[in-house]
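Geometric and topological summary
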Amino acid sequence: MTTQFAEAYGFERSAVTLANWRTAPFSRFSFGHAEEVVPSTVIAARAEVTEGAPVVSNLLRQSLPEGLAGQPDVGAYLDYAHTDAFVLMKAGKIVAERYARHAGIDQRHIVFSISKSLTALVIASLEAEGLINPEAPVTSLLPEAAGSAYGDCTIRDVLDMRVSLAFDEAYLNTDGAYARYRRATLWNPADQSQPDETLLAFLLTLKKDAHPHGGAHFYASPNSDLLGILIERATGQRYAEALSERLWKPLGARHHASVTVDAEGTARAAGGISVTARDLARVGEMLRNGGMVDGQRIIPQAWLTDMLTAGDHKAWVDGESNFFPNGRYRSQWYQSGEPDGAFCAIGIHGQWLYVDPSTETVVVKLSSQPNPLDDELKHDNFAFFRALCAWTA
């Protein structure tokens, strides 16, 4: 007898395990229920508020520019791109949204590396409070990092992914450092032939590469997990509490968020946050409005200006990125380098928060894309977002 769960997802709940939760088709469930798979803690909103019905719009039937992934209209493109939740805002108003059958307006969804960008916004507040100095060495807050790759770099090096690090961001690795990293975060099953590690213990084993810090952009998720630990050292709070007090509650989020944690309760600041699509859109709208919500400043203007203008294009190019040819990376956010000033936060498996200030547009796309990276689809998504912005200008 087919269960209601199997009708919705195409498999039974018992088929989802820690070993397969990031693979298709099981990710259609687990990306919306990460807390059921990996130990997690709550990032509290002021109160939870049911959002109501999604905004229905004819825009979903709007035709796409010829050649955009061969899809005839917006709705077809969303299906093609494995979309679970989609929100489009224009001038502060939601003008279209859509949720897959297995998703929902009030359901959290893991955002993977968009977590990095949210983590950096907490550091923005801590700098304003005088609790973190981005130009200070990592060891000023984490003295035990001495002797590791982080022993002689600055927090700014970490924020901008310019740490010299002997590490390979190999998402499908099963037997090397990345596999150890996944096990330390409790994202993969334990390996009985290997000793257990906590996240911090793993980070402190990482070694410096041959070149100095502060050079080419080198994307490495452990950097962002380190930022979460620095937040805890600077505040004396757990990461989830600091993010709640300095971002989530002031933002006016309608739902609690969550973040996965390791065996010591250390948050996966690099990729473990789950939020609703609308709450993520509120983050984008806050940034589009210069860090303000309802007249209250959430993100210091100086930090936001720096984030949007100060990234080093040469470091980006030297890092051999095949995306955003005119781009930059600063404080865990991507700058497109295009004349429209668009910037974004991106997570593997197709997670996006895209902001175009020139057209007052915010786009959220949360997905269960089978390939964690899929460079071709990433380029398609960028073209898709630019098309949406042009239509709503």
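All of these numbers come straight from a predicted model, not from anything done at the bench.

Some details on the sheet that holds strand β12 (residues 351–356)
Taken in spatial order, the seven strands line up as β3-β2-β13-β12-β11-β10-β9 in an open sheet, and their pairing is antiparallel. Edge positions in the sheet fall to β3 (93–99) and β9 (328–330), since each has one partner strand and no second. Each strand axis lies, on average, 15° off the axis of its neighbour in the sheet, ignoring direction. As paired elements, strand β10 (residues 333–335) and strand β11 (residues 343–347) share two bridges and run antiparallel to each other. Note that in β11 the partner of Q335 across the bridge is F343. Against the sheet, helix α4 (residues 114–128) engages β10, β11 and β12, with an angle of about 125° to β11. Where helix α10 (residues 277–288) meets the sheet, its contacts fall on β2 (83–90), β3, β10, β11, β12 and β13 (361–367), and the angle it forms with β13 comes to roughly 150°.

Some words on the nonpolar core
In this structure, V138, Y150 and W248 are the most contacted members of the largest nonpolar core, which totals 82 residues. Residues within four places of W248 in sequence aside, it is in contact with I43, A44, A45, L243, A253, H255, H256, A257, V275, D279 and V283. Core analysis: the second largest hydrophobic core is formed by 31 residues, C344, V363, F384 and C389 among them.

Quick word on the sheet that holds strand β1 (residues 40–43)
The strand order β1-β5-β6-β4 describes an open sheet built from four strands, whose pairing is antiparallel. Here the strands that pair on one side only, and so sit at the sheet edges, are β1 and β4 (109–110). Taken together, the two bridges between strand β5 (residues 257–260) and strand β6 (residues 273–275) define a ladder with antiparallel strand orientation. Pairing of S258 across the sheet is with S274, part of β6.

Procedures and definitions
Residues numbered from 1 in each chain as written. Predicted model: local features only at pLDDT ≥ 70, side-chain atom pairs only at ≥ 80, totals over all residues. Heavy atoms only, no water. Pairing = 2+ DSSP bridges. Helix = DSSP H or I, 4+ residues; strand = E, 2+ residues; numbered from the N terminus. Axes fitted to C-alpha atoms, helices over the stretch in contact; angles between N-to-C directions. Contact = heavy atoms within 4.5 Å. Core = buried A, V, L, I, M, F, W, Y, C linked by side-chain atoms within 4.5 Å. Buried < 20%, exposed > 50% of the residue type's maximum accessible area, 1.4 Å probe, protein only.

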